[in-house]
2 protein chains.
Amino acid sequence: MSLQRDIAYFFRPRGIAIVGASKTPGKIGHEIVRNISLSGYPGGIYPVNPNSDSILGFKCYKSVGDIPSLVDLAVIVVPANLVENIVRDCVNKDIPAAIIITSGFSEIGNKDLEERILSIARSRLRIIGPNTFGIYCAKSKMNATFGPNNVLEGKTAFITQSGALGLALMDWTTEEKYGVSSIVSIGNKSDVDDADLVEFFSMEPSTKSILIYMEGLKDGRKFIEASEKAIRKKPIVVIKAGSSKRGAQAASSHTGSIAGQDTVFNAAFKQVGIMRAEGMTQAFDWMQAINENPVPLGEDLVIVTNGGGIGVLATDKCEALGLKIMDIPDDLSKELRVIIPSFGSVKNPIDLTANADDALYGKVLRILVKNRQVDGVLALFCQTANIDPILVAQVITDLREKEKLRKPITCAFIGGHLSQIAYSRMLEKKFAAYPTAERAVDGMYALISRYRQLRHPAGS
Amino acid sequence: MSLQRDIAYFFRPRGIAIVGASKTPGKIGHEIVRNISLSGYPGGIYPVNPNSDSILGFKCYKSVGDIPSLVDLAVIVVPANLVENIVRDCVNKDIPAAIIITSGFSEIGNKDLEERILSIARSRLRIIGPNTFGIYCAKSKMNATFGPNNVLEGKTAFITQSGALGLALMDWTTEEKYGVSSIVSIGNKSDVDDADLVEFFSMEPSTKSILIYMEGLKDGRKFIEASEKAIRKKPIVVIKAGSSKRGAQAASSHTGSIAGQDTVFNAAFKQVGIMRAEGMTQAFDWMQAINENPVPLGEDLVIVTNGGGIGVLATDKCEALGLKIMDIPDDLSKELRVIIPSFGSVKNPIDLTANADDALYGKVLRILVKNRQVDGVLALFCQTANIDPILVAQVITDLREKEKLRKPITCAFIGGHLSQIAYSRMLEKKFAAYPTAERAVDGMYALISRYRQLRHPAGS
């Protein structure tokens, strides 16, 4: 089997056995059946438990072997000492993929048991885990996790080595309106590892970008090679924990990972173009910008603002990050001067002043987006009494939706409740919008980084 | 008059004249009368306009000289060419303080007019502005601005050289639940400058910390000297725009400021202990931690988490910022081991694991807060199915409210809607809480910085 087909069974299974399913709400074996059912998964759902006849309305089987239908994925939640037998049952039924939720393996030093399971599975059954909370896949309407059931669909595949962080993030996606195409709790990486998933997601059509929370790697070379190939198609962002000495020690006791020398990771990431984010917010801010925009065609950026101070701060941050705030060419300057009042500035950052209304924002942005010398626009907005943030959001979304003008653009809506609403609407309409100017700059930084990656790929 | 008394007239006036008041909603001269009235200001409100008899129910006077009562503050909104005469009227009526809202002075090159006004006012009338949006003071229930009327009361005095940013921030305080004791739009700083306000706020009882958005300084030495004194009483955070070459140029065209050499600012700030924030969010995160906590008695910090990954990331960030994640002493380790399950970690970061409930959080935090060797606690929480964020918030607030245990503590609630509610409740109860671990670390960084400032003050 090819890796692509192998891994696809985890994300597009035609039938799922939940081994260790339970009638008792709150138990993991119950929550997983419930989530798979609630998420609208259209394939067969087969709870396995020798002591039940049915669970949540699904017929329950005594063993995996008793299931009369095709099963592509087994989700295993039985106690650790029973996992070995269940894996054998799965192999005997020709199930190609298993997620082992159960913990108590190499992460607590129980390496032998994990090795025995692998030797049973070898070459016939691919395993994610053990010690995971499962997999979510938006396109398959499959939430095979014991996490929340209201994950927001989006374009980023998220691979996490931390359980609690991944679970918290599932809720966070909905609250922050940052969607994901898939979430994989990768657990102990006994078999399927980051490299396999990077390769898979680089080909998976509903995924536009890949985010990994990583504490350590078993096979660094494999990961870097897979990333080098994948990055030509999709950007990869990594949150690598354990950069500090104490952090690395904690990571080691947490997942049994060897965090490795941080400088080695940094060098390898840089070489192939992996972006390393400081934390969740930065990672998703980057993803948002990349997912919702075309890749820029160059590095010439323009800042537009109605608040001079915000324009200055954004300019400072751009320069600190190595982003180029272009000189406005004469012809463009003249075109802008006609509509921008004399006390405003047509120099970059372009300052429309606090008197600006939504119509002026619209006119200026239209000119900038149409101008071939401009490669990207930062549209920054301070809420004042003169102007409704929601109308500003409207003129920006209209550019793309009504006038079909697409150019990289990141927006900031700074203010109170109305700004919050405007910002949320932008996210819903698939624009890269942020509540602060710093974050809009950070988003643009990701776009320019992506431009540079594609222009000068590793090894070229 | 002493500076303290001088400046106090702006913040605790016994009567306010609004010169250029208007009957027309939306006009600045109307909005200011409306805001002063709506904010519950208890002193006299005296609109001045030769063409009206009353405005918003307040008797309107033909001129400042016609007001029969005591006026401590004039808010001037007449066109620029009329300001000179109005200032003369104010001096003649012995008004000690004036805010000149009107723009069109030195910021557009009209320096002569500004100078003439100063020469009229000199030594008898102190001026804030021109080119400002006014002043808000929570304690006096005075919103003498044309901004929003629902500012959240808090402990930080905010001085801003940018109008739009300040106005947006007024809304932002309510949305983000970050209160302010005062907001001063400082405008062109023709008379009253940052140094005067720093000195004033360092003595003003409702202010616990001072935040300045600054584009440039006219008298750097005066500011640094004032700050050096003030910082012994209250921390000062500055957002200094114009660190980049282009940013400095833009700042110059925006407020007519000379931004100065950024390295000079940095050196001076460092010397006296001014903290320089990257933007609004960081500045308020720092303030929040300092405002709602006692100053630490030392640098030994402990991280508590239910998510191993978040604990590692926080540890990394602490180390990067020079914060000390202490080794847990044997006696404390033993005390914790009794209540923390064996698969959790009693090493720092302390990992309660995803199975932790609110009771365990409460027990562990109580032990840490009571322990004399621990100087500060970072309480990090990932939302999982096992535990309600609101209950976790409750056990943390109970420590202070019911058990009277006060020790520096910053919290992060990471997750979805319930985490958001828990985090908001913490803010309402005056705790330093954040939606991400990075920001909780940043808050603790501010507390440790404050400890170091007070331990090793400038010039000591």
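Analysis parameters
- Residues numbered from 1 in each chain as written.
- Chains lettered and ligands numbered in written order.
- Predicted model: local features only at pLDDT ≥ 70, side-chain atom pairs only at ≥ 80, totals over all residues.
- Heavy atoms only, no water.
- Helix = DSSP H or I, 4+ residues; strand = E, 2+ residues; numbered from the N terminus.
- Buried < 20%, exposed > 50% of the residue type's maximum accessible area, 1.4 Å probe, protein only.
- Contact = heavy atoms within 4.5 Å.
- Areas by Shrake-Rupley, 256 points an atom, 1.4 Å probe, with all protein chains shown as cover.
- Lys, Arg positive; Asp, Glu negative; His and termini not counted.
- Charge placed at Lys NZ, Arg CZ, Asp CG, Glu CD.
- Core = buried A, V, L, I, M, F, W, Y, C linked by side-chain atoms within 4.5 Å.
- Phe/Tyr/Trp six-rings, centres within 6.5 Å; stacked < 30°, edge-to-face > 60°.
- Buried area = accessible area lost by both parts, 1.4 Å probe.
- Salt bridge = Lys/Arg side-chain N within 4 Å of Asp/Glu carboxyl O.
- Polar contact = N/O pair within 3.5 Å; in protein donor to acceptor, adjacent residues only side chain to side chain.
- Nonpolar A, V, L, I, M, F, W, Y, C, P; charged D, E, K, R; others polar.
- Pairing = 2+ DSSP bridges.
- Right-handed = clockwise from strand over helix to strand, strands pointing away.
- Axes fitted to C-alpha atoms, helices over the stretch in contact; angles between N-to-C directions.
- Parallel < 35°, antiparallel > 145°, perpendicular 65-115°, else oblique.
- Least-squares fit on C-alpha atoms with pLDDT ≥ 70 in both.
- Domains from an automatic or database assignment.
- Expected span 1.5 Å × (residues − 1).

J.: Explain the overall build of chain A to me, please; I cannot follow it from the model alone.
T.: From N to C terminus, chain A includes 16 helices and 20 strands. On the principal axes, the C-alpha backbone points of chain A span a range of 80 × 45 × 40 Å. Considering chain A as a whole, with its 460 residues, one finds that 65% of them fall into the buried category. The contacts in chain A between residues at least 6 apart in sequence include a share of 75% that link residues at least 24 apart. Surface accessibility of chain A: about 17100 Å² in total, with carbon and sulfur atoms responsible for 50%. Here chain A carries 54 positive and 49 negative side-chain charges, and the mean point of each set is 3 Å from the other.

J.: I keep staring at the nonpolar core and nothing clicks. Help me out?
T.: Burial of nonpolar side chains together is a common tendency in soluble globular proteins. Core analysis: the largest hydrophobic core is formed by 293 residues, its most contacted members being Phe 223 and Ile 396 of chain A together with Phe 223 and Ile 396 of chain B. The residues contacting Ile 396 of chain B, other than those within four sequence positions of it, are Leu 365, Ala 379, Ile 409, Cys 411, Phe 413, Met 426 and Phe 431 of chain B.

J.: Explain the packing of aromatic side chains here, please?
T.: The relative placement of two aromatic rings is captured by the distance of their centres and the angle of their planes. Residue and element names in this part refer to chain A. With the rule as written, the count across this model stands at 26 aromatic pairs over all chains. Between the aromatic rings of Tyr 46 and Tyr 61, the centroid separation amounts to 6.1 Å while the plane-to-plane angle is 65°, which identifies the pairing as edge-to-face. Here Tyr 46, found in strand β2 (residues 44–48), pairs with Tyr 61, found in the loop between β4 (58–59) and β5 (73–76); they are 15 residues apart in sequence, far enough to count as distant. The exposure class of Tyr 61 is buried, given its relative accessible area of 11%. On the numbers, 6.5 Å between centres and 80° between planes, the contact of Phe 133 with Phe 146 is edge-to-face.

J.: What exactly am I supposed to notice about the interface of chain A and chain B here?
T.: Much of the literature gives interface size as the accessible area that the parts lose upon coming together. Across the boundary between the two partners, chain A contributes 56 residues, which contact 56 residues of chain B. With both chains or domains summed, chain A and chain B bury close to 4100 Å², and 58% of this area falls on carbon and sulfur atoms. When residues of chain A are sorted by the area they lose upon contact with chain B, Glu 175, Arg 246 and Leu 313 of chain A head the list and together hold 15% of the total. Put simply, chain A and chain B have 4 salt bridges between them. Linking chain A with chain B are 26 residue pairs in polar contact (both at pLDDT 80 or more). Of all the secondary structure elements, the ones that give two or more residues to the side of chain A that touches chain B are α5 (163–176), β13 (236–240), α8 (245–255), α10 (280–291), α11 (308–320) and α15 (417–428) of chain A. The biggest single contributor to the side of chain A that touches chain B is α11 of chain A, with 9 residues. A breakdown of the residues in the side of chain A that touches chain B according to their chemical character gives 22 nonpolar, 21 polar and 13 charged.

J.: Mind showing me how you'd approach the pairing of strand β15 (residues 300–305) of chain A here?
T.: Working note: regular strand, side chains alternate between the two faces of the sheet. Residues and elements named next belong to chain A. Of all 6 residues that make up β15, 6 are buried, and the element is covered over most of its length. One ladder, built from 2 bridges, connects β15 with strand β16 (residues 324–325); its direction is parallel. Bridging across to β16, Asp 300 finds its partner in Lys 324. After leaving β15, the chain enters α11 and then returns to the sheet as β16, a path that is right-handed. Where β15 lies against strand β18 (residues 376–382), 5 bridges are found, and the strand directions are parallel. The residue of β18 that forms the bridge with Leu 301 is Gly 376. Summarising the sheet, β15 and strand β17 (residues 350–351) pair through 2 bridges and their orientation is parallel. Paired with Thr 305 across the two strands is Asp 351, which belongs to β17.

J.: What should I look at first to understand the packing of helix α6 (residues 194–203) of chain B against helix α7 (residues 220–230) of chain B in this one?
T.: For any two helices packed against each other, one specifies the crossing angle of their axes together with the interaxial distance. Residue and element names in this part refer to chain B. One way to put it is that α6 packs onto α7 with a least axis distance of 8 Å and a crossing angle of 10°. Judged by the angle between their axes, α6 and α7 are roughly parallel. Residues Asp 194, Ala 195, Asp 196, Val 198 and Ser 202 of α6 pack against Lys 222, Phe 223, Ala 226, Ser 227 and Ala 230 of α7.

J.: What should I look at first to understand the sheet that holds β2 of chain A in this one?
T.: All names here are of chain A. In spatial order, the strands read β2-β1-β5-β6-β7; together these 5 strands make up an open sheet with parallel pairing. Each edge of the sheet is formed by a strand with only one pairing partner; in this case those strands are β2 and β7 (126–128). Sheet twist, expressed as the average angle between the axes of neighbouring strands with direction ignored, equals 20°. Looking at chain direction, strand β1 (residues 15–19) and β5 are connected through 4 bridges and run parallel. Paired with Ile 18 across the two strands is Val 75, which belongs to β5. Set on the sheet, helix α1 (residues 3–11) makes contact with β5, β6 (97–100) and β7; between it and β7 the angle comes to about 50°.

J.: Whenever I open this one, the sheet that holds strand β9 (residues 142–145) of chain A confuses me. Can you help?
T.: Strand pairing in a sheet takes place through backbone hydrogen bonds and is either antiparallel or parallel in direction. All names here are of chain A. Strands sit in the order β9-β8-β11-β10-β12-β13-β14 across an open sheet of 7 strands; the sheet is mixed. A single partner strand is all that each edge strand has here, and the edge strands are β9 and β14 (275–276). Relative to strand β12 (residues 209–214), strand β10 (residues 153–160) runs parallel, the two being bridged by 5 bridges. Counted as the bridge partner of Thr 156 is Ser 209 from β12. The sheet contacts of α1 involve β8 (134–137), β9 and β11 (180–185), and relative to β8 the element is tilted by about 90°.

J.: Even after reading the chapter, I still don't get the relation of the copies chain A and chain B, so can you show me in this structure?
T.: What connects the two chain copies is a rotation about an axis and a shift along it. Overlay of chain A on chain B (RMSD 0.0 Å): rotation 180°, translation along the axis 0.0 Å. Put plainly, the chains are arranged around a two-fold axis. Residue Thr 281 of chain A, judged by its C-alpha, is the member of chain A lying nearest the rotation axis, at 6.4 Å. Taken as a fraction of all interface residues of chain A, those also at the interface in chain B reach 100%, which identifies the copy contact as same-surface.

J.: Can you help me understand the domain arrangement of chain A in this one?
T.: Residues and elements named next belong to chain A. Examined at the domain level, chain A breaks down into domain 1 (1–131), domain 2 (150–291) and domain 3 (294–455). Each of domain 1 and domain 2 has a C-alpha centre, and the two are 24 Å apart. Of the residues lining the interface, 19 residues belong to domain 1; the matching set on domain 2 comes to 19 residues. Summed over both partners, the interface of domain 1 with domain 2 buries about 1600 Å², with 54% contributed by carbon and sulfur atoms. Taken together, domain 1 and domain 2 are joined by 2 salt bridges. The residue Arg 126 makes a salt bridge to Asp 196 at a minimum N-O spacing of 3.3 Å. Counting every contact that joins domain 1 to domain 2 gives 10 residue pairs in polar contact (both at pLDDT 80 or more). Of all elements in the fold, only α1, α4 (111–121) and β7 reach the threshold of two or more residues within the side of domain 1 that touches domain 2.

J.: Please explain helix α14 (residues 389–401) of chain B as it appears in this structure.
T.: Note that an α-helix has 3.6 residues per turn; residues three or four places apart therefore point the same way. Residues and elements named next belong to chain B. In this model, α14 (13 residues) spans 18 Å end to end at C-alpha, consistent with the 18 Å of a helix rising 1.5 Å per residue. In this structure, the buried side of α14 is in contact with α13 (358–370), β18 (376–382), β19 (409–414) and α15 (417–428). Sitting at the amino-terminal end of α14 is Asp 388, which places a side-chain oxygen 2.8 Å from the backbone nitrogen of Ile 390.

J.: Would you take a moment to explain the pairing of β12 of chain A for this structure?
T.: Residues and elements named next belong to chain A. Across the 6 residues of β12, 6 count as buried, placing the element largely inside the fold. The side-chain alternation of β12 yields two buried faces, one formed by Ser 209, Leu 211 and Tyr 213 and the other by Ile 210, Ile 212 and Met 214. With helix α7 (residues 220–230) bridging β12 and the parallel β13, this β-α-β connection has right-handed handedness.

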